[in-house]
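So the chains spell out like this:
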Amino acid sequence: MKKKTLSVIFSFRNEENNLHELIERLYNSLKELSIEIEVIFINDCSNDNSLNVIEEIKNKYQSFQFQVVTTIKRIGVTEGVILGLKNTSSDAAVFLDSDLQDPPELIPELISKWKEGNLIVHTIRSRRKNEPILKKLLSTIAYKIINAFSNSLENAGDYKLIDRKIIDYIISLENDSLYLKGELSIIEAKNDKILYERDGRYSGESHYSLLKSLNPYHELLKGIYFNSHKKIITILFVVNILLTFTIPLLGFFHKSVNFFETILLFLLNIIFYILIGVLFAIKNKKTSINKTFYYHNEK
């Protein structure tokens, strides 16, 4: 009987200090399992020593298959995961962060749930350890906002196992800027979840900090918009209509419509249509990540 195959996808930038520990823990977690493992590194324009470290890893862990995809422009973590999904032919895939906040030791349990027939296995963070209070607070607020607008699983992060059928479905959407965790939380397929405590970074600083990176805000916008664009557009439309009629009425009761009120009404309408345009742009963004976006795909 042919062995099952599993791809483990790491989308990262500048993680030279974490990669050795990451793959050692991954190997120790999976070495007793009767399953073929492929590791896919999506190297998002790293400018450190990550690629040389990966070469050392490939020589040391020869029981693993490896793919290394290096981008020639920054694409982001989620986009990197989707690029990894496009490059795998395995029966299932696991994706997780490469900074060891998500423990590779959970993967055997994810595989066990998958072998029980689950097409998606989520991980749910019960606690965030060693995370700055401000970041924890802002993350909590952000997810509360996202969940108010959509049906996403609360505290479900970017650490999941998905079956080949789900991989094919995600690829078929042809949207490389997909709000992936939201999409996977509403697919009507057999699924399960595992609770875990999320660690702090093993080494180095986050490359997607709240103050230095647009990625968290991009994810927030995608999360709010996900599965709720009609609701948001309706709210904006109603507000715009109310303002459109309210300002002239105020002018009528005051027996005058001054220049300021006219300009304000004009600006509010412009803002309304800009917001509508932004929402549709987020919904329909297709970056078409293909071979023009990376310079080598090495197995």
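Above this text sits the structure in question.
Residues numbered from 1 in each chain as written. Predicted model: local features only at pLDDT ≥ 70, side-chain atom pairs only at ≥ 80, totals over all residues. Heavy atoms only, no water.

1. Side note on the overall build of the chain
Along its length, the chain carries 10 helices and 8 strands. Burial analysis of the chain (299 residues in total) assigns 48% to the buried set. Intrachain contacts of the chain at a sequence separation of at least 6 include 84% that bridge at least 24 residues. Carbon and sulfur atoms provide 59% of the accessible area of the chain, an area that totals close to 15,800 Å². (Helix = DSSP H or I, 4+ residues; strand = E, 2+ residues; numbered from the N terminus. Buried < 20%, exposed > 50% of the residue type's maximum accessible area, 1.4 Å probe, protein only. Contact = heavy atoms within 4.5 Å. Areas by Shrake-Rupley, 256 points an atom, 1.4 Å probe, with all protein chains shown as cover.)

2. Observations regarding the pairing of strand 4 (residues 92–95)
Judged by which residues are buried, strand 4 turns out to be covered on both faces: Ala-92 and Val-94 on one side and Ala-93 and Phe-95 on the other are all buried. Bridge analysis of strand 1 (residues 4–12) against strand 4 gives 4 bridges, and the strand direction is parallel. Bridging from a neighbouring strand, Val-8 pairs with Val-94 of strand 4. (Pairing = 2+ DSSP bridges.)

3. What to know about the nonpolar core
The tendency in soluble globular proteins is for nonpolar side chains to be buried side by side. Leu-6, Ile-23, Phe-41 and Ile-107 are the most contacted members of the largest nonpolar core, which has 34 residues in total. With 5 residues, the single largest contributor to this core is helix 1 (residues 19–30). When neighbours within four sequence positions are excluded, Phe-41 is seen to be in contact with Phe-10, Phe-12, Leu-19, Ile-23, Ile-54, Phe-66, Gln-67, Val-68 and Val-69. Grouped together as the second largest cluster of nonpolar side chains are 22 residues, Val-81, Leu-83, Leu-85 and Ile-120 included. (Core = buried A, V, L, I, M, F, W, Y, C linked by side-chain atoms within 4.5 Å.)

4. Thoughts on the side chain of Lys-160
Mapped onto the fold, Lys-160 is located in strand 6 (residues 156–163). We note that Lys-160 is buried and unpaired, the nearest opposite charge coming from Asp-158 at a distance of 6.6 Å. Here His-122 takes part through its side chain, which lies 3.0 Å from a polar atom of the side chain of Lys-160. Ignoring any residue separated from it by four or fewer positions in sequence, one finds Lys-160 in contact with Ala-93, Val-94, Phe-95, Val-121, His-122, Lys-181 and Leu-184. (Lys, Arg positive; Asp, Glu negative; His and termini not counted. Salt bridge = Lys/Arg side-chain N within 4 Å of Asp/Glu carboxyl O. Polar contact = N/O pair within 3.5 Å; in protein donor to acceptor, adjacent residues only side chain to side chain.)

5. Details of the packing of helix 1 against helix 4 (residues 107–115)
The description of two packed helices rests on the angle between their axes and on the distance between the axes. Helix 4 packs onto helix 1 with a crossing angle of 45° between their chain directions and a minimal axis gap of 9 Å. In terms of their interaxial angle, helix 1 and helix 4 are classed as oblique. Of helix 4, the residues touching helix 1 (which contributes Leu-26, Ser-29 and Leu-30) are Ile-107, Pro-108 and Ile-111. When the residues that make up the contact of helix 1 with helix 4 are grouped by side-chain class, the tally is 5 nonpolar, 1 polar and no charged. (Axes fitted to C-alpha atoms, helices over the stretch in contact; angles between N-to-C directions. Parallel < 35°, antiparallel > 145°, perpendicular 65-115°, else oblique. Nonpolar A, V, L, I, M, F, W, Y, C, P; charged D, E, K, R; others polar.)

6. What about the packing of helix 1 against helix 2 (residues 50–60)?
Where helix 1 meets helix 2, the axes come as close as 10 Å, and the angle between the chain directions of the two elements is 30°. Relative to helix 2, the element helix 1 lies roughly parallel. Where helix 1 crosses over helix 2, the two elements pack in a sense that is right-handed. On helix 2, the residues that touch Leu-19, His-20 and Ile-23 of helix 1 are Ser-50, Val-53, Ile-54, Glu-56 and Ile-57. Looking at side-chain class alone, the contact of helix 1 with helix 2 contains 5 nonpolar, 2 polar and 1 charged residues. (Left-handed = near helix turned anticlockwise from the far one by under 90°.)

7. Description of the packing of aromatic side chains
As enumerated under the stated definition, the model contains 7 aromatic pairs in all. Measuring from ring centre to ring centre gives 5.8 Å for Tyr-27 and Phe-64, while their planes differ by 65°; the resulting arrangement is edge-to-face. Here Tyr-27 is found in helix 1, whereas its partner Phe-64 is found in the loop between helix 2 and strand 3 (65–71), with 37 residues between them in sequence. Using a relative accessible area of 6% as the deciding quantity, one classes Phe-64 as buried. (Phe/Tyr/Trp six-rings, centres within 6.5 Å; stacked < 30°, edge-to-face > 60°.)

8. Digging into helix 3 (residues 77–86)
Of all 10 residues in helix 3, 9 are buried; the element is thus mostly enclosed. Three or more residues of helix 3 are buried, namely Val-77, Thr-78, Glu-79, Gly-80, Val-81, Ile-82, Leu-83, Gly-84 and Leu-85.

Taken by themselves, the reported measurements are silent on function.
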